[in-house]
Amino acid sequence: MNNMISVNDYKSISVEKKVRDFLNPDYVYIPIPYGYSIIVKTEDHVFKEQVIIKGDKCIYSPVSGKVIGVTDSMHIHNANINCLIIENDFEERVENRHGVSKYINDFKKEEMLELIDKYQACDINFRENAKTLLINGIDKDPFERTRSFIINSYSDKLLETIDALLTILDVQETIFTINNSDTLNVVNVSNNIGTYPNIKLKLIPDIYPLGFPSILIKNVLSKREINDGVIMLNVEDVYNIYNVLKRKKPITEKLVTVSGNAIESPLVVNVKIGTSMADLIKNVCKVCDDNYFVVINGLIAGISLKSLSSVITSSTRSIFLSTKDNSKESLCINCGLCNSKCPVHLNPKYLREHKNADKSKCIHCGLCTYLCPSKINFKTYLEGDESHEK
Amino acid sequence: MKNNVYVRSNRSIQTISLTRMVLLLPMIIYGIYKNGIYLYMHHYCGVMGLFKPIIIIFGGALIGALVNIIYEYIFKHSKDSLLSILFSSFHIEYGLIIGCLMSININVYLYFIILFIGLFISKFVKNRVNIMALIFIIIYILQSKMFGGFSYINAYESSKVFSYEFMDYMIGRGVGGIATTHIILLIIALFGMYVTNNNKNHISLVSILTIILLFAFYSIYSNHPFIPLIFAYNYLFICSYVATDFVTSCYTVKGTILYGSIVGILLFGFYFLNPILAPYIAILIASVLNNLIDRKVNKS
């Protein structure tokens, strides 16, 4: 872990202690993936959790309400995408309540995988004959608190599901990793884990970028364990699996960290998938500086949004409202920090100077850019945006 | 807006430079005592002599600051704050280090003129050679030609005959630059730079180890006393502060190791040509090759 850094020296963002709900947006915007078709018509009434778009997989409505039509003005990660608009009737009507079907330990592997696939609990490839199940409870970005809140709020459910997964997937070892600076979570999980002797709790130092799956695996497991096969899930996946198995319902809500120095009090919000950023910011944040821009999925590894007409998807972990950074890029001083601290042993300085060099190993953690004393934006070069001036 | 990182570490040229200079302060204070206060108290110099080390060392830093200000305000029409202009490059640190390395007998006018011209030109010829080594070599040559020689021995040291033991060198009694002789304080500074991650540790470590090894072999072979070989002529200080200049040295791990060994080997080679200039010539040559070294060793 020598390559990693602690970002505690930077003003830490402390979020509110309770999760706040924002589950009543006026409209939700459901992205229509390429090759998928809409199976409802304009003016139709849809139920919550009703299939509205179909392709290889089904996409469900997160609210009940009226189908308004399709718009092409919404964005995901700054790319235009067609979205189905549903006007919320705020009644949360559900067509069929499935209820609890059976004890989650009783599920067979195929049965579980079918449900996970049907309700899109997670995108994990459950590798055959893997011997280790690794649960990632570390937030990917040091300023995110989403995973930490999931552990805090649902530790009993998480442990129950992990224990069930251990049986269902027939793995030999389960490791649950938690950030050791989250003392509440450590106490919480330690108190509950006694009932589950097969789950090992591993406390991980609060250093970046340990929340990245490949880095966590490399630092937590031995080479032999990695070669024997690892299934890695993050706590959000586990919680989604719990909901899918226990309640047989699709994932329509998610926790998102809303933070940054342009808002008064950072918080974690439970929000409907498909909510627009503008709606969320307007209803949830007390903005203290109007000259802000929006960054999603981390202040270090995230991307800035060109427009607030972006949609919250299942992959949105955090939204940061930040004021403009005035740091100026200066000439490289050859300090070598980018090279010596790169978690995948790349040479960002070399990659910046050689456009054709192989950048495929880069995990886009942004550590080189964070550390650079000359404030060089390596991230742009590593992501292949060569229009940036040298 | 380009994708960027929206938080940055506090590390900057300013923090790196300031840390390195602060760690140098104990050595500077000792140097001022040894080459100013002590000489004045024992009537080896007058009032001007008392202040000469301060003038040389802090004057060097001031020249570095002046060069940054002139370059940024006049040539680049910068509108940045004074603080960010002062630390827009390592020139203040360069001036301070060159001041520490100077002989107390240096002609002050020559020193300031060459230092100013050298640092100023370096602003236009970016990252090419180790400017500290180059400026020292020029000052050394001009001092030798114009003012009859270059010697580190101060008035007190020239009045007596000394036989230094190991501990004498450790507590700074050895002969050398104004503020470079106290080895214990140098080790503390090196440790401080290592802890704060403000040094290219591989370069200082490998270059020092290389010269220790080579001089040890030479000492055994020629019966020359080993201790003065290592501690004389500021070699340890130069390997710690001059060779590790951020801008003109290698930056990859393999590169810094090779760079350090090249500095050590060249220093040993040039020692027989001119022991005072040897480390500077070695660093000058290695700094010219720094990009090449990094490219070659990391090719695989």
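The structure this text deals with has already been given above.
Computed from a predicted model, the values in this text were never measured in an experiment.

**Here's the deal with the packing of aromatic side chains**
- According to the stated counting rule, one finds 34 aromatic pairs over all chains in the structure shown.
- Aromatic pair Tyr60(A) and Tyr119(A): ring centres 5.6 Å apart, planes at 45°, arrangement tilted. Here Tyr60(A), found in strand β6 (residues 58-60), pairs with Tyr119(A), found in helix α1 (residues 109-119); they are 59 residues apart in sequence, far enough to count as distant.
- Taking the relative accessible area as the measure of exposure, Tyr119(A) reaches 6% and is therefore buried.
- Ring centres of Tyr164(B) and Tyr169(B) lie 5.6 Å apart, and the angle between their planes is 55°; this geometry places the pair in the tilted category.
- Using a relative accessible area of 8% as the deciding quantity, one classes Tyr169(B) as buried.
- Through pairs of rings, three or more aromatic residues link up here, namely Phe215(B), Tyr218(B), Tyr233(B), Tyr235(B), Phe268(B), Tyr271(B) and Phe272(B).
- When the ring centre of Phe212(A) is taken as origin, the NZ or CZ atom of Lys140(A), which lies over that ring, is 4.9 Å away.
- A cation over an aromatic ring shows up here: Lys349(A) above the ring of Tyr251(B), its NZ or CZ 5.1 Å from the ring centre.

**A closer look at the environment of Asn105(B)**
Residues and elements named next belong to chain B.
- In this fold, Asn105 is placed in the loop between α4 (91-101) and α5 (108-124).
- Sequence separation of Asn105 and Ala155 is 50 residues, and the distance between their C-alpha atoms is 8.8 Å.
- Contact partners of Asn105, with chain neighbours within four places excluded, come to Lys52, Gln143, Ser151, Tyr152, Ile153 and Asn154.
- For Asn105, the side chain forms a polar contact with the main-chain oxygen of Ser151, separated by 2.8 Å.

**Describing unusual backbone geometry**
- For the bond running from Tyr208(A) to Pro209(A), omega is 5°, close enough to zero to count as cis.
- Inspection of the secondary structure puts Pro209(A) in the loop between β11 (199-204) and α4 (213-220).
- Even without being glycine, Asn234(B) reaches a positive phi, approximately 60°.
- Checked against the element boundaries, Asn234(B) lands in the loop between α11 (226-231) and α12 (235-242).

**What to know about the pattern of salt bridges**
Residue and element names in this part refer to chain A.
- Across all of its chains, the model carries 19 salt bridges over all chains by this definition.
- With a shortest N-O distance of 3.6 Å, Asp117 and Lys57 are connected by a salt bridge. Of the two residues, Asp117 sits in helix α1 while Lys57 sits in the loop between β5 (51-54) and β6, which places them 60 residues apart along the sequence.
- For Asp117, a relative accessible area of 42% puts it in the partly exposed group.
- With a relative accessible area of 29%, Lys57 lands in the partly exposed category.
- Three or more residues are tied together by salt bridges with common partners; here these are Lys48, Glu92, Glu253 and Lys272.

Cut-offs applied
- Residues numbered from 1 in each chain as written.
- Chains lettered and ligands numbered in written order.
- Predicted model: local features only at pLDDT ≥ 70, side-chain atom pairs only at ≥ 80, totals over all residues.
- Heavy atoms only, no water.
- Phe/Tyr/Trp six-rings, centres within 6.5 Å; stacked < 30°, edge-to-face > 60°.
- Helix = DSSP H or I, 4+ residues; strand = E, 2+ residues; numbered from the N terminus.
- Buried < 20%, exposed > 50% of the residue type's maximum accessible area, 1.4 Å probe, protein only.
- Lys NZ or Arg CZ within 6 Å of the ring centre and 35° of its normal.
- Contact = heavy atoms within 4.5 Å.
- Polar contact = N/O pair within 3.5 Å; in protein donor to acceptor, adjacent residues only side chain to side chain.
- Salt bridge = Lys/Arg side-chain N within 4 Å of Asp/Glu carboxyl O.

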